[in-house]
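A closer look at the structure
Below, each chain spelled out in residue letters.
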Amino acid sequence: MEKILIVDDDVAISYLISDALEDEGFKTTICHSGDQAKDILAQEMKWSMILLDIMMPGMDGLELCRKIRDDIKCPIIFVSAKSRTLDTLLGLEMGADDYICKPFVVEELVARVKAHLRRERRHAQEQQNQETNILKFHNIFLHLDRYEVFMNEESV
């Protein structure tokens, strides 16, 4: 089951998003601050996606995104009331994969979540397919699809 972390200080919005995603079969966890999210992410880093507000007390969403992006590989979508083009660009530059402005249509948010997760599944499948075309024995790698052999990372 895919797990989505929702980080938003607005309780009503976070539960609205959570209910919509859980209706689609996702497991959700809600945090109401960047600091709380950072603590949860330190305990468990295996998430399918993070939905992140920008304006929150304490650590804001931009700072949280910047701090976690190198360690967290899942898609991050900002869901924010900051709707200027500059805000969107800054969010994407900080490492977000998408940006949705509040107010938003819940069905569109769910559709974007699904689209990002489909893309992640395709990428994981491609990685797995590439790895299955490689035979490994200690430090020897045989790339079946390229007809190449590597020993100690050097072509033989």
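Above this text you will find the structure in question.
Report follows, based on the coordinates. (Residues numbered from 1 in each chain as written. Predicted model: local features only at pLDDT ≥ 70, side-chain atom pairs only at ≥ 80, totals over all residues. Heavy atoms only, no water.)

**Overview of the sheet that holds strand 3 (residues 49-52)**
One open sheet accounts for five strands, arranged 2-1-3-4-5; its pairing is parallel. Since the sheet does not close on itself, it has two edges, and those belong to strand 2 (27-31) and strand 5 (98-101), each with one partner. For this sheet, the mean inter-axis angle between neighbouring strands, taken without regard to orientation, is 20°. As judged from the four bridges shared by strand 1 (residues 3-7) and strand 3, these two strands associate in the parallel manner. Paired with L5 across the bridge in strand 3 is I50. Contacting strand 3 and strand 4 (76-80), helix 3 (residues 61-68) crosses the sheet at an angle of about 175° to strand 4. (Pairing = 2+ DSSP bridges. Helix = DSSP H or I, 4+ residues; strand = E, 2+ residues; numbered from the N terminus. Axes fitted to C-alpha atoms, helices over the stretch in contact; angles between N-to-C directions. Contact = heavy atoms within 4.5 Å.)

**Side note on the sheet that holds strand 8 (residues 148-151)**
Sheet architecture is open: four strands sit in the order 6-7-8-9, paired in antiparallel fashion. What marks the edges here is a single partner per strand, and that holds for strand 6 (134-137) and strand 9 (154-155). Note that strand 8 and strand 9 share two bridges and pair antiparallel. In the sheet register, M151 faces strand 9, and the bridge partner there is E154.

**Some details on the packing of aromatic side chains**
In total, this model carries one aromatic pair according to the counting rule given. A ring pair is formed by F78 and Y99, whose centres lie 6.0 Å apart and whose planes are at 50°; its orientation type is tilted. Of the two residues, F78 is situated in strand 4 and Y99 in strand 5; the sequence distance between them amounts to 21 residues. A cation over an aromatic ring shows up here: K3 above the ring of W47, its NZ or CZ 4.8 Å from the ring centre. (Phe/Tyr/Trp six-rings, centres within 6.5 Å; stacked < 30°, edge-to-face > 60°. Lys NZ or Arg CZ within 6 Å of the ring centre and 35° of its normal.)

**Thoughts on helix 3**
Note: α-helices contain 3.6 residues per turn, so residues at a spacing of three or four share the same orientation. Those residues of helix 3 that fall on the buried side of the exposure criterion are G61, L62, L64, C65 and I68. The arc that holds every buried residue of helix 3, seen down its axis, measures 165°, which confines them to one face. Buried residues along helix 3 sit against helix 2 (34-43), strand 3, strand 4 and helix 4 (85-93). Looking at where helix 3 begins, the residue whose side-chain oxygen comes 3.3 Å from the main-chain nitrogen of L62 is D60. (Buried < 20%, exposed > 50% of the residue type's maximum accessible area, 1.4 Å probe, protein only. Arc of directions from axis to C-beta. Polar contact = N/O pair within 3.5 Å; in protein donor to acceptor, adjacent residues only side chain to side chain.)

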